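# What the coordinates show
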Amino acid sequence: MGRGGRRWRVLHLTVLAAGLLAIAISSIDGLPIWTDDVLTAIVVLVAVVFFGEYLVRLWAAPESNRFAGLSDGMARLRWALSINGLIGLLAVFPVLAITFSSIHAGNEWAPIFCVFWILKLSVHAPAMTTLARVIANERATLASVVIIFVMVLVTAAALAHMLERELQPKVFGNIPESLWWAVVTLTTTGYGDVVPKTVGGRMVGSLVMVSGIVVLALLTGILATGFSEEERRREYLRVWDQVTRVPMFAELGTVTLSEIVSKLRVRHYPPRIVVVRRDEPGDSMFFISEGEVEVRLPRGSVALRQGGFFGEMALLDRLPRSATVVTTQPTTLLVLYASDFYEVAANIPSLVEAVEREARRRRAENQGAPAKVETP
Ligand code: CMP
């Protein structure tokens, strides 16, 4: 995301927070009468900003890669009917509601603005997209767990109804009513409003509680694994995209490239950040896929740009860092950790030979010849 995008995100989140705060305050009873006008003004302003945003996004929809090949009108229609388009439209809804009534406590529409606006947060939460993909990927496994959940639920409700109905006819009088107790117990919520009183009912209750823990653990495990796999896939694509900018990797075949891609991590740095510090132990080396760094040596500074690398000497010599390296502009680095470096050294000798050659040249330079600006 560029600087403009980041600024818009901060502004968007600030406007959203102001709107939500105004609605939350407006729901308090007994506020002075003047607060009504102020809060109404804030909510209208927020909704107007969101309306402006909606129109801009609608207008710009044909620019999106998602709608490539469609006519402008069709692209706009598809965006308007997408989840983001519908959420954007709903977020404008408060203006209409306020036109007919004010925001003060007692306005039954006010809490619903909160829901529409909080949905807009999903635009800034890639985790929502990830969650949707994880659910889609794992639907078969999740469906099996849901079936187990329903089986335990219905069995528990039926047994509890059978065992408890005489003592507690109001809450266990029929299976649908017993289901409430079964859901509260199986999800380990336990409100305590309905409690089995017979020995049999309590034994069923105990089994349901334990099953609840097992079912929730299964769900958590499936979602957590799905999340980490999805994240791994996304990271792989991110790294692949960055790796193609480093000429050293471009010469490798696809199979070798995919091996190194799985070992690299993408890190973005703003300017003036110390990436490695002289005399500190080193456990990784870095390839520059975008931006520039400055290597600060006792004899002067050396600039390394896109395609260059640093941090290899500590790994090869197993010595502390020989220099401090600082970013001079927004920089994207590909990090290769020591353990992976030695594995790469065994599997892709040509790459490590090139790194070793450059390290030898740098050592010689540091010991004798004056430092000069290097362009890879
Ligand atoms: P390392 O010693 O791990 O950490 C500092 C890094 O600065 C070092 O690895 C090299 O990658 C880099 N470096 C050291 N000397 C030079 C040099 N003369 N020219 C370019 N880079 C250097």
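This one's a predicted model, so the numbers in the text were calculated from it and none came from an experiment.

What follows is about the overall build of the protein. Counting secondary structure elements, the protein contains 16 helices and eight strands. For 376 residues, the compact-globule estimate of 2.2 N^0.38 gives 21 Å, and the C-alpha radius of gyration of the protein, at 30 Å, exceeds that figure by more than 25%. Referenced to the eigenvectors of the C-alpha coordinate spread, the extents of the protein come out at roughly 95 × 60 × 45 Å. Within the protein, the proportion of its 376 residues that are buried is 37%. Long-range pairs, those at least 24 residues apart, make up 71% of the contacts in the protein with a sequence separation of at least 6.

Moving on, we get to the environment of Gly-200. Topologically, Gly-200 is positioned in helix H11 (residues 199–243). We classify Gly-200 as partly exposed; its relative accessible area is 25%.

With that settled, the discussion passes to the site of the ligand. Every one of the 16 residues lining the ligand counts as a neighbour, but Gly-311, Glu-312, Arg-321, Ser-322 and Asn-366 are closest to it. Contacts to the ligand include Met-313, whose backbone N or O atom sits 3.4 Å from an oxygen atom. Protein chains shield 100% of the accessible area of the ligand, which is 460 Å² for the free molecule. Elements with a contribution of two residues or more to the shell around the ligand: strand E4 (292–297), helix H14 (312–317) and helix H16 (349–367). A class-by-class count of the residues in the shell around the ligand yields eight nonpolar, three polar and five charged.

The subject of this paragraph is a positive patch on the surface. A surface patch of like charges, here positive, comprises Arg-3, Arg-6, Arg-7 and Arg-9. Take Arg-9: it is sitting in helix H1 (residues 3–26).

This part is about the domain arrangement of the protein. The domain boundaries assigned to the protein delineate domain 1 (3–125), domain 2 (139–230) and domain 3 (250–368). A separation of 39 Å is found between the C-alpha centroids of domain 1 and domain 2.

Turning next to the nonpolar core. Counting residues in each nonpolar core, the largest one holds 24 residues, and the members touching the most others are Phe-249, Ile-260, Leu-264, Phe-287 and Leu-334. Those residues within four positions of Phe-287 in sequence are excluded, and the remaining contacts are Met-248, Phe-249, Leu-264, Gly-308, Phe-309, Thr-332, Leu-333, Leu-334 and Leu-336. If you look at the next biggest cluster of nonpolar residues, it comprises 16 residues, including Phe-149, Ala-157, Ala-182 and Val-208.

Bringing a nonpolar patch on the surface into the picture now. On the surface, Leu-13, Ile-112, Val-115, Ile-118, Leu-119 and Leu-121 cluster together to form a nonpolar patch covering roughly 430 Å² of accessible area. Of note, Ile-118 is situated in helix H6 (residues 110–120). A residue is classified by how much of its surface remains accessible, and Ile-118, at 42% relative accessible area, is partly exposed.

Turning our eyes to something else, we now look at the sheet that holds strand E6 (residues 309–310). Pairing within the open sheet is antiparallel, and its four strands lie in the order E1-E8-E3-E6. Of all strands in the sheet, those with a lone pairing partner are strand E1 (264–269) and E6, marking the two edges. In terms of strand pairing, strand E3 (residues 284–290) meets E6 through two bridges, oriented antiparallel. If you follow Phe-286 over to E6, its bridge partner there is Phe-310. Against the sheet, H11 makes contact with E1, E3 and strand E8 (331–337), and its axis sits at roughly 75 degrees relative to E1, the strand it touches most. Sheet strands touched by helix H15 (residues 338–347): E3 and E8. Its angle to E8, the strand with the most contacts, is close to 75 degrees.

Here we come to the packing of aromatic side chains. For the structure shown, the criterion picks out nine aromatic pairs. Summarising the aromatic geometry, the rings of Phe-50 and Trp-117 are spaced 5.7 Å apart at their centres and angled 85 degrees between planes, so their arrangement reads as edge-to-face. Of this pair, Phe-50 sits in helix H2 (residues 33–60) while Trp-117 sits in helix H6, placing them 67 residues apart in sequence. Taken individually, Phe-50 and Trp-117 each receive the classification buried, so the pair is uniform in this respect. Look at Phe-341 and Tyr-342: their rings are 5.6 Å apart centre to centre, the planes differ by 80 degrees, and that puts the pair in the edge-to-face class. Judged by relative accessible area, Phe-341 falls into the buried class, the value being 3%. The exposure class assigned to Tyr-342 is partly exposed, which follows from its relative accessible area of 33%. Taken together, Phe-249, Phe-287 and Phe-309 form an aromatic cluster joined through their ring pairs. Between Arg-76 and the ring centre of Trp-59, over which it is positioned, the NZ or CZ distance is 4.2 Å. Sitting above the plane of the Phe-309 ring, Arg-362 keeps its charged end 4.9 Å from the centroid.

Attention shifts here to the confidence of the model for the protein. Put simply, the protein has an average pLDDT of 88, and 93% of its residues get 70 or more. Across residues 371–376, where pLDDT falls below 50, the model places 19 contacts with residues more than four positions away in sequence or in other chains.

Moving on, we get to the pattern of salt bridges. Per the stated rule, a full pass over the model turns up 17 salt bridges. Between Glu-53 and Lys-120 there is a salt bridge, with the nearest N and O atoms lying 3.0 Å from each other. Here Lys-120 lies in helix H6 and Glu-53 lies in helix H2, a separation of 67 residues in the sequence. Take Glu-53: its relative accessible area is 8%, and that puts it in the buried class. The salt bridge partner of Arg-233 is Glu-230, with a shortest N-O separation of 3.2 Å. Within this pair, Arg-233 and its partner Glu-230 are both found in helix H11, separated by three residues, close to a single helical turn. Relative accessible area serves as the criterion here: at 38%, Arg-233 is assigned to the partly exposed category. One network of salt bridges, in which partners are shared, links Glu-312, Glu-358, Arg-361, Arg-362 and Glu-365.

About the criteria used
- Residues numbered from 1 in each chain as written.
- Predicted model: local features only at pLDDT ≥ 70, side-chain atom pairs only at ≥ 80, totals over all residues.
- Heavy atoms only, no water.
- Helix = DSSP H or I, 4+ residues; strand = E, 2+ residues; numbered from the N terminus.
- Rg over C-alpha atoms; globule rule 2.2 N^0.38 Å.
- Buried < 20%, exposed > 50% of the residue type's maximum accessible area, 1.4 Å probe, protein only.
- Contact = heavy atoms within 4.5 Å.
- Near = heavy atom within 4 Å.
- Polar contact = N/O pair within 3.5 Å; in protein donor to acceptor, adjacent residues only side chain to side chain.
- Areas by Shrake-Rupley, 256 points an atom, 1.4 Å probe, with all protein chains shown as cover.
- Nonpolar A, V, L, I, M, F, W, Y, C, P; charged D, E, K, R; others polar.
- Patch = residues over 30% accessible without salt bridge, like charges linked within 9 Å, V, L, I, M, F, W, Y side chains within 5 Å.
- Salt bridge = Lys/Arg side-chain N within 4 Å of Asp/Glu carboxyl O.
- Lys, Arg positive; Asp, Glu negative; His and termini not counted.
- Charge placed at Lys NZ, Arg CZ, Asp CG, Glu CD.
- Domains from an automatic or database assignment.
- Core = buried A, V, L, I, M, F, W, Y, C linked by side-chain atoms within 4.5 Å.
- Pairing = 2+ DSSP bridges.
- Axes fitted to C-alpha atoms, helices over the stretch in contact; angles between N-to-C directions.
- Phe/Tyr/Trp six-rings, centres within 6.5 Å; stacked < 30°, edge-to-face > 60°.
- Lys NZ or Arg CZ within 6 Å of the ring centre and 35° of its normal.
- pLDDT = per-residue confidence, 0-100.

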